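Fold and geometry: a report
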Amino acid sequence: MAVTETLLPAPPPVDAPAARRGGVAAVGLVLGGALSVQFGSAMAALLFPRTGVAGAVTLRLTIAAVLLLLVCRPRLRGYDRGAWVAVCAFGLALAGMNSLFYQAIERIPLGPAVTLEVLGPLALSVFTARRLASWCWAGLALAGVALLGQGGFDRLTPAGVAFAFGAGAMWAAYIVFSARVGGRFPGADGLALALSLAALVTLPIGIADAGMVLLDPRVLALGAGLAVLASGLPYTLELLALRRMPTATFAVLMSLGPAIATLAGWLVLHQALTVLECVAIVLVIAASIGAVRVRAAAAAPPAPR
């Protein structure tokens, strides 16, 4: 997803030494992670005819949860009620974000879906920055959305647009609760537990939608590839990148998500966009980058006099 649609959130950011910042290798890692996420989403769309949307969501979440549980082996004792409430909220946000996004890309092209979805994190950034410049960037993003609608929402479908907006709202919730869980659980333990809950929530719906197809070896292989492309690989690449570049630079690069999603939709799903839609996507990308830079400036300590 756009600023980052990875199922596994990046760990708490740590700025690298100045000599290593913005290196070519770090940029390659970030772009590689973004490519993995968006091409993973394209792979999910290829699964829909076999498993249905709910079945694809179940495969991704369940396989990713099993892999992460095996790696982390999280302990269950020693946490207070607040920690478990945060994990449950995080798990529900994960389930909702993935389910709504996959419903969206079944109905509308991948590029516009990610473009609309990124408005969730963009709105969160605008509200938390509380600066006039942030609202100006939000206005530019809304202009991009208006342009997307100029081609007629019959092409995008109102349901697809609604699902993409819903996924964006869940993405904003995901960001909030992932931070809370990260502060209460060591390593990726909280994520492993939240992901397990998300898998359990979606499993009955996925089984009802796909049935025994989920046990087909070819479908399982595609599901495993989806879990790796959309989860494990991006997480690893982002983790390495965050050790080599400033977090603001990282966020700006991840704002290119809609453009990468458009490329993946064109190459894998043969989804062509109009010139107007491409301009709209560029406007939303520019707004995301601008909002990130304003937020980074607001968080920076004042220069000494």
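Residue numbers here run from 1 along each chain, matching the order of that chain's written sequence. This being a predicted model, a pLDDT of at least 70 is required before a residue's local features are given, and a value of 80 or more before pairs of side-chain atoms are given or counted; all residues contribute to the totals for chains, interfaces and linings. Each side-chain value is derived from all of the structure's non-hydrogen atoms; neither hydrogens nor water enter the calculation.

1. Quick look at the overall build of the chain
We count it as follows: Where helices and strands are cited, they refer to DSSP runs of H or I of at least four residues and of E of at least two residues respectively, numbered from the N terminus. Three exposure classes are used, based on accessible area relative to the maximum for each residue type with a 1.4 Å probe and protein chains only: buried under 20%, partly exposed in between, and exposed over 50%.
The helix and strand inventory of the chain stands at 12 helices and zero strands. Element order for the chain, N to C, with α for helix and β for strand: α-α-α-α-α-α-α-α-α-α-α-α. Split into buried and exposed, the 305 residues of the chain put 49% on the buried side.

2. Section: the nonpolar core
Going by this rule: What makes a nonpolar core is a set of buried Ala, Val, Leu, Ile, Met, Phe, Trp, Tyr and Cys residues whose side-chain atoms join them at distances within 4.5 Å. The contact criterion used is simple: two residues touch if any of their non-hydrogen atoms lie within 4.5 Å.
Among the nonpolar cores identified, the biggest contains 60 residues, and Phe48, Leu94, Phe101, Tyr102 and Leu110 are the most heavily contacted of them. Leaving out residues up to four positions away in the same chain, Tyr102 has contacts with Ala44, Phe48, Val53, Ala56, Val57, Arg60 and Leu226.

3. What about helix 7 (residues 158-184)?
Quick note on the threshold: Any helix carries an expected span of 1.5 Å times its number of residues minus one.
Here helix 7 is 27 residues long and its end C-alpha atoms lie 39 Å apart, about the 39 Å a rise of 1.5 Å per residue gives. All buried positions along helix 7 are accounted for by Gly160, Val161, Ala164, Ala167, Gly168, Trp171, Ala172, Ala173, Tyr174, Ser178 and Val181.

4. Observations regarding the pattern of salt bridges
Formally: Salt bridge criterion: a side-chain nitrogen from Lys or Arg within 4 Å of a carboxyl oxygen from Asp or Glu.
For the coordinates displayed, the defined rule picks out three salt bridges. The shortest N-O distance in the salt bridge between Glu106 and Arg107 comes to 3.4 Å. Judged by relative accessible area, which is 33%, Arg107 ranks as partly exposed. As a salt-bridge pair, Arg218 and Asp216 come within 3.6 Å of each other at their nearest N and O atoms. Since its relative accessible area comes to 60%, Arg218 is described here as exposed.

5. Description of unusual backbone geometry
With a phi close to 45°, Arg73 is a non-glycine residue in the positive phi region. Along the chain, the position of Arg73 falls in the loop between helix 1 (24-72) and helix 2 (81-107). By relative accessible area, Arg73 is classed as exposed at 70%.

6. Considering the confidence of the model for the chain
What counts here: pLDDT: the predictor's confidence for each residue, scored from 0 to 100.
In this model, the chain carries an average pLDDT of 76, and 72% of its residues clear a pLDDT of 70 or more. Low pLDDT (under 50) marks residues 1-22, which in the prediction has 87 contacts with non-local residues, meaning those over four places away or in another chain.

7. Some words on the packing of helix 3 (residues 110-117) against helix 11 (residues 257-269)
How two helices pack is summed up by the angle between their axes together with the distance between the axes. Formally: Where helices are involved, their axes are fitted lines through C-alpha atoms of the stretch in contact, as for all axes, and angles between N-to-C directions lie from 0 to 180°. We call two directions roughly parallel when the angle between them is under 35 degrees, roughly antiparallel when it is over 145, roughly perpendicular when it lies between 65 and 115, and oblique otherwise. Throughout, a crossing is termed right-handed when the near helix is turned clockwise from the far one, and left-handed when it is turned anticlockwise from it by less than a right angle. Gly is put with the polar residues, along with every residue not named as nonpolar or charged; the nonpolar set is Ala, Val, Leu, Ile, Met, Phe, Trp, Tyr, Cys and Pro, and the charged set is Asp, Glu, Lys and Arg.
In contact at an axis separation of 7 Å, helix 3 and helix 11 are set at 160° when each is read in the N-to-C sense. The angle between the axes of helix 3 and helix 11 places the two elements in the roughly antiparallel class. Helix-helix and strand crossings are classified by hand; for helix 3 and helix 11 the assignment is right-handed. Along its contact with helix 3, which presents Leu110, Gly111, Val114 and Thr115, the element helix 11 presents Gly257, Pro258, Ala261, Thr262, Ala264 and Gly265. Across the contact of helix 3 with helix 11, the residue classes break down as five nonpolar, five polar and no charged.

8. Side note on the packing of aromatic side chains
Note the cut-off: Only centres within 6.5 Å qualify two rings of Phe, Tyr or Trp (six-membered ring in Trp) as a pair; their planes then separate them into stacked at under 30 degrees, edge-to-face at over 60, and tilted for everything else.
In total, this model carries six aromatic pairs according to the counting rule given. Measuring from centroid to centroid gives 6.0 Å for Tyr79 and Trp84, while their planes differ by 85°, and the two rings are edge-to-face. Residue Tyr79 is classed as buried on the basis of its relative accessible area, which comes to 14%. Summarising the aromatic geometry, the rings of Phe90 and Tyr174 are spaced 5.6 Å apart at their centres and angled 40° between planes, so their arrangement reads as tilted. Taken together, the positions of Phe90 in helix 2 and Tyr174 in helix 7 put the pair 84 residues apart, joining distant regions of the chain.

9. What about the side chain of Thr51?
Here Thr51 shows up in helix 1. Aside from chain neighbours lying at most four places away, what touches Thr51 is Ala56, Leu59, Asp209, Ala210, Val213, Leu214 and Val219.

10. A word on the packing of helix 3 against helix 7
Following both chains from N to C, one finds helix 3 and helix 7 inclined at 45°, their axes separated by 7 Å at the closest point. Here helix 3 is positioned oblique relative to helix 7, judged by the angle of their axes. Handedness of the crossing formed by helix 3 with helix 7: right-handed. From helix 3, Ala113, Leu116 and Glu117 reach across to helix 7, where they touch Val161, Ala164, Phe165, Ala167, Gly168 and Trp171. The residue makeup of the contact of helix 3 with helix 7, split by class, is seven nonpolar, one polar and one charged.

11. Topic: a nonpolar patch on the surface
Our working definition: Patches were defined on residues exceeding 30% relative accessible area and lacking a salt bridge, with like-charge contacts within 9 Å and nonpolar side-chain contacts (Val, Leu, Ile, Met, Phe, Trp, Tyr) within 5 Å. The Shrake-Rupley method, run with a 1.4 Å probe, gives the accessible areas here. Residue values count only the displayed protein chains as cover.
Together, Leu35, Leu263, Trp266 and Leu267 make up a nonpolar patch on the protein surface, roughly 380 Å² of accessible area in all. For the nonpolar patch, the element with the highest residue contribution is helix 11, accounting for three residues. Along the polypeptide, Leu35 turns up in helix 1. Using a relative accessible area of 34% as the deciding quantity, one classes Leu35 as partly exposed.

12. Some words on the environment of Leu140
Here Leu140 is to be found in helix 5 (residues 132-150). Judged by relative accessible area, Leu140 falls into the partly exposed class, the value being 26%. Residues Leu140 and Ala286 lie 146 residues apart in sequence; the distance between their C-alpha atoms is 8.1 Å. Setting aside residues no more than four positions away along its own chain, Leu140 makes contact with Leu283, Ala286 and Ala287.

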